Amino acid sequence: DSGVTQTPKHLITATGQRVTLRCSPRSGDLSVYWYQQSLDQGLQFLIQYYNGEERAKGNILERFSAQQFPDLHSELNLSSLELGDSALYFCASSIGLARSTDTQYFGPGTRLTVL
Amino acid sequence: AQSVTQLGSHVSVSEGALVLLRCNYSSSVPPYLFWYVQYPNQGLQLLLKYTSAATLVKGINGFEAEFKKSETSFHLTKPSAHMSDAAEYFCAVSPRNSGNTPLVFGKGTRLSVIA
């Protein structure tokens, strides 16, 4: 158990809908990352937050957005869903911003299926 | 930009045989390097990481990896495969001295262990 929790574990929805994925980082971790894992694209970084502020953006679509709240949990919002958005979405957390060597701890993921 | 290549999307070994999973990075400055493992229906777990101390890094579950600058490689090995090692393995990189940045992952190598 990494200490990172994600809800829900599975999500099935229809095209055009909007969903919210939730992540709680490990106790004491200030950085949260979101990654998307799909068969064709592999593991891709979406977005990073540190202590409530956006710090880095990767291959995140404009239909997707995220935020980190004062209690440090984060939510990833996916809207106008398309079939191709079906994937595993992982959240990871790390202690801060100081060093690239800090370990990122991954949650169990949310499997999104868009029908 | 940092990138990482994992040679072989699927590797199959017999139980008790040597495990060798290949990872090469592309960067003018050697990055920090990580190996993660993903068991079925689970999140990613850190196996080991290279942070420029010893070039031979020992990780969990008997795995180790050697950083070779001349070959831009960070191959993962285990002397004797166990059935429980069957999983997906990901090599990842993070640039040096740039704060806590997102990881760039390889495509992954699925390891099968045959009894």
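Provided above is the structure to which this section pertains.
It should be emphasised that the depicted structure is a prediction, and the values quoted were computed from it without experimental measurement.

Reading the values: rules and limits
Residues numbered from 1 in each chain as written. Chains lettered and ligands numbered in written order. Predicted model: local features only at pLDDT ≥ 70, side-chain atom pairs only at ≥ 80, totals over all residues. Heavy atoms only, no water. Core = buried A, V, L, I, M, F, W, Y, C linked by side-chain atoms within 4.5 Å. Buried < 20%, exposed > 50% of the residue type's maximum accessible area, 1.4 Å probe, protein only. Helix = DSSP H or I, 4+ residues; strand = E, 2+ residues; numbered from the N terminus. Contact = heavy atoms within 4.5 Å. Polar contact = N/O pair within 3.5 Å; in protein donor to acceptor, adjacent residues only side chain to side chain. Salt bridge = Lys/Arg side-chain N within 4 Å of Asp/Glu carboxyl O. Phe/Tyr/Trp six-rings, centres within 6.5 Å; stacked < 30°, edge-to-face > 60°. Lys NZ or Arg CZ within 6 Å of the ring centre and 35° of its normal.

Asks: Would you mind going over the nonpolar core in detail, with residue names and values included?
Replies: Counting 27 residues, the largest nonpolar core has B:Trp35, B:Leu48, B:Phe74, B:Leu76 and B:Tyr89 as its most contacted members. Of all the secondary-structure elements, those providing two or more residues to this core are strand E2 (10–14), strand E3 (19–26), strand E4 (32–38), strand E5 (44–50), strand E7 (64–68), strand E8 (73–78), strand E9 (87–94) and strand E11 (109–114) of chain B. Apart from residues no more than four positions distant in its own chain, B:Leu48 is found in contact with B:Leu33, B:Phe34, B:Trp35, B:Val57, B:Lys58, B:Gly59, B:Phe63, B:Glu64, B:Ala65, B:Phe74 and B:Leu76. One finds A:Cys23, A:Ile60, A:Leu76 and A:Ala87 within the second-largest nonpolar core, a separate group that totals 21 residues.

Asks: Can you explain the environment of A:Asp71? Please cite residues and give values.
Replies: Residues and elements named next belong to chain A. With respect to the secondary-structure elements, aspartate 71 resides in the loop between strand E7 (64–68) and strand E8 (74–78). Taking the C-alpha atoms as reference, aspartate 71 lies 9.8 Å from leucine 30; in sequence the two are 41 residues apart. Within the local environment of aspartate 71, its side chain forms a polar contact with the side chain of histidine 73, the two groups lying 2.7 Å apart.

Asks: Can you lay out the interface of chain B and chain A for me, pointing to particular residues and giving the numbers?
Replies: With 23 residues of chain B at the interface, the matching set in chain A holds 24 residues. If you look at where chain B meets chain A, you find zero salt bridges. Scanning the region where chain B abuts chain A turns up four residue pairs in polar contact (both at pLDDT 80 or more). Elements supplying a minimum of two residues to the side of chain B that touches chain A: E4, E5 and E9 of chain B.

Asks: Tell me about the environment of B:Gly62, and please be specific about residues and values.
Replies: All names here are of chain B. Looking at the secondary structure, you find glycine 62 in the loop between strand E6 (56–58) and E7. Residue class for glycine 62 comes out partly exposed when judged on its relative accessible area of 45%. Residues glycine 62 and serine 80 lie 18 residues apart in sequence; the distance between their C-alpha atoms is 8.6 Å. Discounting residues that sit within four places of it in the chain, glycine 62 has contacts with Thr77, Lys78 and Pro79.

Asks: Just give me the short version of unusual backbone geometry, but keep the residues and values in it.
Replies: Residue A:Thr7 is joined to A:Pro8 through a cis peptide bond whose omega torsion reads -10°. By secondary structure assignment, the location of A:Pro8 is in the loop between strand E1 (5–7) and strand E2 (10–13). In this model, B:Asn61 sits at a positive phi of 60°, which is unusual for a non-glycine residue. Looking at the secondary structure, you find B:Asn61 in the loop between E6 and E7.

Asks: Before we move on, can you summarise the pattern of salt bridges with the specific residues and values?
Replies: Evaluation of the coordinates by the stated rule reveals seven salt bridges over all chains. A:Asp85 is paired through a salt bridge with A:Arg63; the nearest N and O atoms lie 2.8 Å apart. Here A:Arg63 lies in the loop between strand E6 (53–57) and E7 and A:Asp85 lies in the loop between E8 and strand E9 (87–94), a separation of 22 residues in the sequence. The exposure class assigned to A:Asp85 is buried, which follows from its relative accessible area of 4%. A salt bridge links B:Arg110 to B:Glu88, with the shortest nitrogen-to-oxygen separation between them at 2.8 Å.

Asks: Report on the packing of aromatic side chains, specifying residues and quantitative values.
Replies: Summed over all chains, the structure comprises 14 aromatic pairs over all chains. Between the aromatic rings of A:Tyr35 and B:Phe105, the centroid separation amounts to 5.6 Å while the plane-to-plane angle is 85°, which identifies the pairing as edge-to-face. With A:Tyr35 in strand E4 (residues 31–38) and B:Phe105 in strand E10 (residues 104–105), this pair bridges two chains. A relative accessible area of 9% means that B:Phe105 is categorised as buried. Linked through ring pairs, A:Tyr33, A:Tyr35, A:Phe45, A:Phe90, A:Phe106, B:Tyr36, B:Phe90 and B:Phe105 together constitute an aromatic cluster. The ring of A:Tyr105 has A:Arg26 lying over it, and the distance from NZ or CZ to the ring centre is 3.7 Å.

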